[in-house]
Amino acid sequence: MRKENNMVQELKKQLEAETITVLEQEPLCQHTTFKIGGNASLFVEITSPEQLCKAIALIHQSKMPYYFLGKGSNVLFADEGFHGVVVHLGKDLCHIRIKGNQVYAQAGASLQQVCVEAQKAGLSGMEFAYGIPGSVGGGLYMNAGAYGGDMSCIVSGASCVDMEGNIHHLTLPELELGYRTSCFEKNKWAILEVEFTLHQGDKDTILSQMQDYMSRRREKQPLDKPSAGSAFKRPQGAYASALIDQCGLKGYQVGGAAISEKHAGFIVNLGGATCKDVLAVADDVSAIVKEKTGFVLEKEIRVVK
Ligand SMILES: Cc1cc2nc3c(=O)[nH]c(=O)nc-3n(C[C@H](O)[C@H](O)[C@H](O)COP(=O)(O)OP(=O)(O)OC[C@H]3O[C@@H](n4cnc5c(N)ncnc54)[C@H](O)[C@@H]3O)c2cc1C
């Protein structure tokens, strides 16, 4: 315990010497849309590409575990917190620039803001992403998608940082985007900036499409309650929400966590839910669905223990 604390203090000193903002024992529940999670030993707030490279190199040398965090809209942190360094790529790393049909957005920019800028420039293709409450980095990592589109349809490349702090440019094939997955699951690199290739469109048509997708979300999803979106991936040949509904599990509750009454694909925090509550709901529901329908549900939410 004392050794871990010495490592934490030493790394904090090194990061601060590089003028990087470091918080100790930061409550992760304040950084996730689920509003769940204990404290991170260290929480690093990244404000520039240079800081990201420097921070990663130092953290890697320290051998402390680390985790990249965007808007926290797809993660569930343990109640015990994270004994390591959470590297937050947030609102201070959110520059967006447009050149022709290309949009370059830093990892901390919100997908929503990128959609707004693209619409203003009359660029079409990413309307589907308007209501996804994540960052550009989290969106690429997850190959986020909705309404028939996903990041693989619009991303043409990305700048990333390896564990030694070197910047690389990856092309679309190198990103290995699949259903809610990417190469970053394996290589553990940080996403720094994403290049989207869109096409010319009519500004009013783009706007009304974005608004339509957003109103469909408001109508169908429990946006008034903390959650991390769809709890489960879509199994081949079925929809997780339909299977859960069919098994009569809407409202299934453990502690403060429950299957949403409005959308059976969502696990919601009704107030005071713990990570254990959410996992118990997910495990129970998966077991019941498997027994009654034969389909296996895999979690889409990233659980960080
Ligand atoms: C109400 C609601 C609706 C949602 N609807 C959808 C939907 O329609 N479609 C969909 O696909 N998802 C949806 N989601 C889930 C979520 O918004 C997406 O997965 C989103 O892309 C996650 O982005 P984030 O910034 O919040 O990532 P986080 O939750 O912060 O992180 C997700 C993963 O990405 C990694 N990561 C984040 N940033 C970086 C980075 N810069 N470099 C390397 N790794 C990084 C993290 O380590 C983690 O493994 C929804 C969630 C909510 C709460």
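Above this note sits the structure.
Worth saying up front: this structure is predicted, and the values here are computed from it rather than measured. (Residues numbered from 1 in each chain as written. Predicted model: local features only at pLDDT ≥ 70, side-chain atom pairs only at ≥ 80, totals over all residues.)

## Examining the overall build of the protein chain
Threshold: Only runs of H or I of at least four residues qualify as helices and only runs of E of at least two qualify as strands under DSSP, and these elements are numbered from the N terminus. Within these notes, the globule rule equals 2.2 Å times the number of residues to the 0.38 power, and the radius of gyration is based on C-alpha atoms. Exposure criterion: with C-beta atoms placed from backbone coordinates, a residue whose C-beta has 20 or more other C-beta atoms within 10 Å is buried, one with 12 or fewer is exposed, and one in between is partly exposed. Any two residues are considered in contact once their C-beta atoms, placed from the backbone, lie within 7 Å.
Each helix and strand in the protein chain was counted, giving 10 helices and 19 strands. Whereas a compact globule of 305 residues would reach a radius of gyration of roughly 19 Å, the protein chain reaches 20 Å, a difference of no more than 12%. Overall size of the protein chain, expressed as C-alpha extent along the three principal axes, is 55 × 55 × 30 Å. Within the protein chain, the fraction of its 305 residues that count as buried is 45%. In the protein chain, of all internal contacts separated by at least 6 residues, the share reaching a separation of at least 24 is 65%.

## Observations concerning the sheet that holds strand E3 (residues 66-69)
For clarity, the threshold we go by: Each pair of strands is called paired provided DSSP finds at least two bridges between the two strands. Lines fitted to C-alpha atoms define the axes, with helix axes restricted to the stretch in contact, and inter-axis angles between N-to-C directions lie between 0 and 180 degrees.
Strand order across the open sheet formed by 4 strands is E1-E2-E5-E3, with mixed pairing between neighbours. Of all the strands in the sheet, the pair left with one neighbour each is strand E1 (21-27) and E3. This sheet shows a mean twist of 30 degrees between the axes of neighbouring strands, independent of strand direction. Across 4 bridges, E3 lies against strand E5 (residues 82-89) in parallel orientation. Bridge pairing links Phe68 to Val87 in E5. Of the strands in this sheet, strand E2 (39-46), E3 and E5 are in contact with helix H2 (residues 49-62), which crosses E2 at around 150 degrees.

## With respect to H2
The line we're drawing: Here the expected span of a helix is defined as 1.5 Å times the quantity of residues minus one.
Spanning 14 residues, H2 covers 20 Å between terminal C-alpha atoms, matching the ideal 20 Å at 1.5 Å per step. Those residues of H2 that fall on the buried side of the exposure criterion are Gln51, Leu52, Lys54, Ala55, Ile56, Leu58 and Ile59. Considering only its buried residues, H2 is in contact with helix H1 (2-17), E2, E3, E5, strand E11 (155-161) and strand E13 (190-197).

## Notes on the site of the ligand
As a reminder, the rule being used: We call a residue near a molecule or strand if the C-beta atom, set from the backbone, is within 6 Å of it. Amino acids are sorted into nonpolar (Ala, Val, Leu, Ile, Met, Phe, Trp, Tyr, Cys and Pro), charged (Asp, Glu, Lys and Arg) and polar (every other residue, Gly among them).
Inspection of the region around the ligand gives 33 residues, with Gly70, Gly134, Gly137, Gly138 and Gly229 positioned closest. The biggest single contributor to the shell around the ligand is helix H4 (residues 136-142), with 5 residues. Classifying every residue of the shell around the ligand gives 17 nonpolar, 14 polar and 2 charged.

## Thoughts on the sheet that holds strand E7 (residues 102-106)
Taken together, 5 strands build an open sheet; the order of strands is E6-E7-E13-E11-E12 and the sheet is antiparallel. What marks the edges here is a single partner per strand, and that holds for strand E6 (96-99) and strand E12 (167-171). For this sheet the average axis-to-axis angle between neighbouring strands, irrespective of direction, equals 20 degrees. Where E7 meets E13, 5 bridges bridge the pair, whose relative direction is antiparallel. When the bridges of E13 are listed, Ala105 appears paired with Val194.

## Structural notes on helix H3 (residues 111-120)
The test is simple: The directions from the helix axis to the C-beta atoms form the arc being described.
For H3, every residue scored as buried is listed here: Leu111, Val114, Cys115, Ala118 and Gln119. In a view along the axis of H3, the buried residues occupy a sector of 135 degrees, so they form one face of it. Looking at the buried side of H3, the elements it contacts are E6, E7, strand E8 (123-124), H4 and helix H8 (203-220).

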